[in-house]
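Listed below are the residues making up each chain.
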Amino acid sequence: MSLYRDDGIVLRTHKLGEADRIVTVLTRRTGKIRGVAKGVRRTTSRFGARLEPFTHVDVQLHTGRTLDVITQAETIRPYGEPLVADYPRYTAGVAMLETADKLIMDEKEPALRQFLLLVGGLRTLGSGEHEPRLVLDAYFLRSLAVAGYAPALETCARCRTPAVRAFAIVAGGVVCGACRPAGAAVPEGETLALMTALLKGDWVTADASGARHRAECSGLVAAYLQWHLEHGIRSLRHVEREPAS
Ligand SMILES: [Zn+2]
């Protein structure tokens with residue numbers, strides 16, 4: 001058996017047998033890993049609450065034949081702590097973890113940019129600097145971009161003309177009048193500007209946006225994300241949406 005060490009964010013856990021858990025972690029160097037934490041559900045567990053979702057942990061694992069076994073875990077930063085008492089922030093965080101887990105399909109394939117995006121997203125969410133739904137939409141757009149699915153936002157996704165009229169998920173973003181497929185949404189210009197700002201990390205523009213454009217942006221981003229994943233993001237249903245005004 002070989003031993004390895006890495007640090008990462010716990011994405012999810014599930015029960016294994018009477019006392020164990022399988023823990024999925026997005027790590028800095030190794031990518032997504034799954035490891036067994038033995039005895040973790042006993043009150044005497046030496047891992048305690050360290051291997052809970054949202055926690056940035058330093059872990060050591062033994063390579064196993066089927067599953068790796070976690071032998072040590074130390075907390076680096078409990079990103080879940082500022083989220084648990086705030087339902088909109090908590091649900092946005094859960095949607096981030098679930099999206100990271102689904103977008104990164106292969107285990108042990110390095111995904112440093114996705115790891116850094118997730119750490120940055122959880123940190124921003126916990127800081128309370130920006131509205132949680134904006135933080136979540138920025139995370140969705142940027143993680144999709146890293147995965148190779150950035151939506152076209154400034155020129156037509158099909159012919160590259162700058163005179164865009166609509167947003168079509170199947171075309172990959174904004175489209176011109178000639179390329180526009182049936183059923184394309186026609187968002188307001190401010191909504192597309194907000195999506196562009198979130199993708200680029202322009203918080204001055206994003207924070208100045210109005211509730212109606214935020215709601216329209218969230219709807220488009222959620223639909224775009226779900227179309228690009230094989231299965232819907234279940235936790236999105238629980239994210240509170242600002243009422244359109
Ligand atoms: Zn076109």
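Refer to the structure printed above.
Worth saying up front: this structure is predicted, and the values here are computed from it rather than measured.

S.K.: Help me understand the sheet that holds strand β3 (residues 31-37) in this model?
M.R.: By definition, the strands of a sheet pair up through backbone hydrogen bonds, in either a parallel or an antiparallel sense. Within the closed barrel, the five strands sit side by side as β1-β2-β3-β5-β4. Their pairing is mixed. Across the sheet, the mean angle from the axis of one strand to that of its neighbour is 45°, orientation sign disregarded. Relative to β3, strand β2 (residues 20-27) runs antiparallel, the two being bridged by seven bridges. Looking at the pairing, V25 lines up with I33 of β3. Of the strands in this sheet, β1 (3-16), β2 and β3 touch helix α1 (residues 87-103), which is tilted by about 110° from β1. Strand contacts of helix α2 (residues 112-127): β1, β2, β4 (55-62) and β5 (68-78), with the helix running at about 65° to β1, the strand carrying the most contacts.

S.K.: Is there a simple way to explain the coordination of the zinc ion in this structure?
M.R.: A metal bound by six donors in octahedral fashion has ideal angles of 90 or 180 degrees, whereas one bound by four tetrahedral donors has an ideal angle of 109.5 degrees. Bound to the zinc ion are the protein donor atoms C156 (SG), C159 (SG), C176 (SG) and C179 (SG), situated 2.3 Å from the metal. Each of the four donor atoms bound to the zinc ion contributes to angles spanning 101 to 118°, and the resulting shape is tetrahedral. Going along the chain, you hit the donors of the zinc ion in the pattern C-x2-C-x16-C-x2-C. Of this pair, C159 sits in the loop between α3 (132-146) and β6 (164-168) while C176 is found in strand β7 (residues 173-176), placing the two residues 17 residues apart along the sequence. Taking relative accessible area as the criterion, C159 reaches 41% and is therefore assigned partly exposed.

S.K.: Looking at this model, I keep getting lost on the side chain of T191. Mind explaining?
M.R.: With respect to the element layout, T191 can be found in helix α4 (residues 189-200). Since its relative accessible area comes to 0%, T191 is described here as buried. Looking at T191, its side chain comes within polar contact range of the side chain of E216, at 2.5 Å. Setting aside residues up to four positions removed in sequence, T191 forms contacts with H213, E216, C217 and L220.

S.K.: Could you clarify how one ought to interpret the pairing of β1 in this entry?
M.R.: Residues in a regular strand point their side chains to alternate faces of the sheet. With seven bridges connecting them, β1 and β4 associate as antiparallel partners. Of the residues in β4, the one forming a bridge with I9 is H56. Direction of pairing for β1 relative to β2: antiparallel, over a ladder of eight bridges. Residue G8 lies in a different strand from β2, and its bridge partner there is T27.

Calculation notes
- Residues numbered from 1 in each chain as written.
- Predicted model: local features only at pLDDT ≥ 70, side-chain atom pairs only at ≥ 80, totals over all residues.
- Heavy atoms only, no water.
- Pairing = 2+ DSSP bridges.
- Helix = DSSP H or I, 4+ residues; strand = E, 2+ residues; numbered from the N terminus.
- Axes fitted to C-alpha atoms, helices over the stretch in contact; angles between N-to-C directions.
- Contact = heavy atoms within 4.5 Å.
- Donors = N, O, S within 2.8 Å, 3.2 Å for Na, K, Ca; no water.
- Tetrahedral: all angles 85-135°; square planar, octahedral: opposite > 155°, others 65-115°.
- Buried < 20%, exposed > 50% of the residue type's maximum accessible area, 1.4 Å probe, protein only.
- Polar contact = N/O pair within 3.5 Å; in protein donor to acceptor, adjacent residues only side chain to side chain.

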